[in-house]
Amino acid sequence: MIKLKHFLYAFIFGIIMYSCGDSDENQIVDNFDHVQQAKIDNDSILKFLKNNYFDDTLDSIVPLKSGKTALSEDDRLLTKKVNEFDIDYTYYVFVKHEGAPDVDKGFPTVIDSILPVYRLRTLTNAMEVKKEQDLIFPSWFNQLNVIPGWRYPWVHFKGGNNLSTVGEPLKYEDGGKGFFILPSGLSYRNSSNALANKILLYYIELYDFVDGTDHDGDNIPSIKEDIDGDGKPWNDDTDNDTRFNFLDDDDDGDRILTKDEDANGNNDPTDDKSDPNQPDLPDYLNRIIRVKY
């Protein structure tokens, strides 16, 4: 197994939110100090959090005033770290409402398809934000063609209850609500996109998600194709064919489909291990085992 280089990672996971520009439009500028930009962004975010609070009535962030709790002191704000492009980034998630579905599927993973609405803003200074885009009607995101930081915050929210009727617009209630803030290094970075090097603020509501999303239909949820266990299924490629395992229906490249390497017939290839010399290695990751059950 190998981890593909960052340029391939960025190519496959192109950016679709806000702007769907071509590869030239989002081309990364050379000789940019991403580490320094990460520090600048985090300083700006911290100032913003100290100078504003969340108004639950308005469902928005507003300038801090006497008697209110700054975002930096609000216990609903979560501070999270993640490494992307070999740089440690900090992003922030505010959980106003976790979500209370009648049928609790738990929380989505970083790779599960999600159905949200959002309001996108950018931080202009420590006191103000700029409106960029509103997604009023819920849309499905398959978590493939998204900015790097978009995947992570959703794991803190649950979906809601589907009240939709046939022929009518989708209607949900009691889904997870809040906001998250992404530094530019987790969003459009230093590309030629209009949002390059800008800190993004997303007010969000999670309507639903596909529990155990299986992108390649091989009977293994995409999150379980994270072979190295680093929480990122998008950098695991067992057979080195430039297709990540969660997008590869033949993970070991033995010309037997992963879903068919299921000796016990329980529709779960992960628990079939037929090689006595490698008893812990599932058949679907073992090129030596080439049997279609």
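Since the structure is predicted, the reported quantities are computational estimates derived from the model, not experimental observations. All residue numbers here refer to positions counted from 1 along the written sequence of the relevant chain. With pLDDT at 70 or above as the cut-off, local features in this predicted model cover only qualifying residues; side-chain atom pairs require 80 or more to be listed or tallied, and sums for whole chains, interfaces and linings still use all residues. No hydrogens and no water enter the side-chain calculation; it runs on all heavy atoms of the structure.

1. Some details on the sheet that holds strand 4 (residues 87-97)
Using the following cut-off: Pairing between two strands requires that DSSP report at least two bridges joining them. In this text, helices come from DSSP runs of H or I with a minimum length of four residues, and strands from runs of E with a minimum of two, each type numbered from the N-terminal end. Axis geometry follows a simple rule: fit a line to the C-alpha atoms, using only the stretch in contact for helices, then measure angles between N-to-C directions, giving values from 0 to 180 degrees. Note on contacts: a residue pair qualifies if any of its non-hydrogen atoms lie within 4.5 Å across the two residues.
Reading across the sheet, the 6 strands line up as 3-4-9-10-5-6 and stay open at both edges, with antiparallel pairing between neighbours. On the outer flanks of this sheet lie strand 3 (77-84) and strand 6 (129-135), each paired with one strand and no other. On average, each strand axis in the sheet is inclined to that of its neighbour by 25°, with strand direction left out of account. As paired elements, strand 9 (residues 176-182) and strand 10 (residues 200-209) share 7 bridges and run antiparallel to each other. When the sheet's bridge partners are listed, lysine 177 is paired in strand 10 with glutamate 205. Running at roughly 25° to strand 4, helix 2 (residues 34-50) makes contact with strand 3, strand 4, strand 5 (114-123), strand 6 and strand 9 of the sheet.

2. Focus on the pattern of salt bridges
Put simply, the test is: In what follows, salt bridge is the name for a side-chain nitrogen of Lys or Arg lying within 4 Å of a carboxyl oxygen of Asp or Glu. When accessible area is computed with a 1.4 Å probe and restricted to protein chains, residues below 20% of their type maximum are described as buried, those above 50% as exposed, and intermediate ones as partly exposed.
Going through the model one piece at a time under the given rule, you end up with 13 salt bridges. Residues aspartate 74 and arginine 76 are paired through a salt bridge, measuring 3.1 Å at the closest nitrogen-oxygen approach. On the accessibility criterion, aspartate 74 (11% relative accessible area) is buried. Residue aspartate 248 is joined to arginine 243 by a salt bridge in which the shortest nitrogen-to-oxygen separation is 2.9 Å. Given a relative accessible area of 0%, aspartate 248 falls into the buried group. Overlapping salt bridges bring together Asp59, Lys96, Arg119 and Lys177 as one network.

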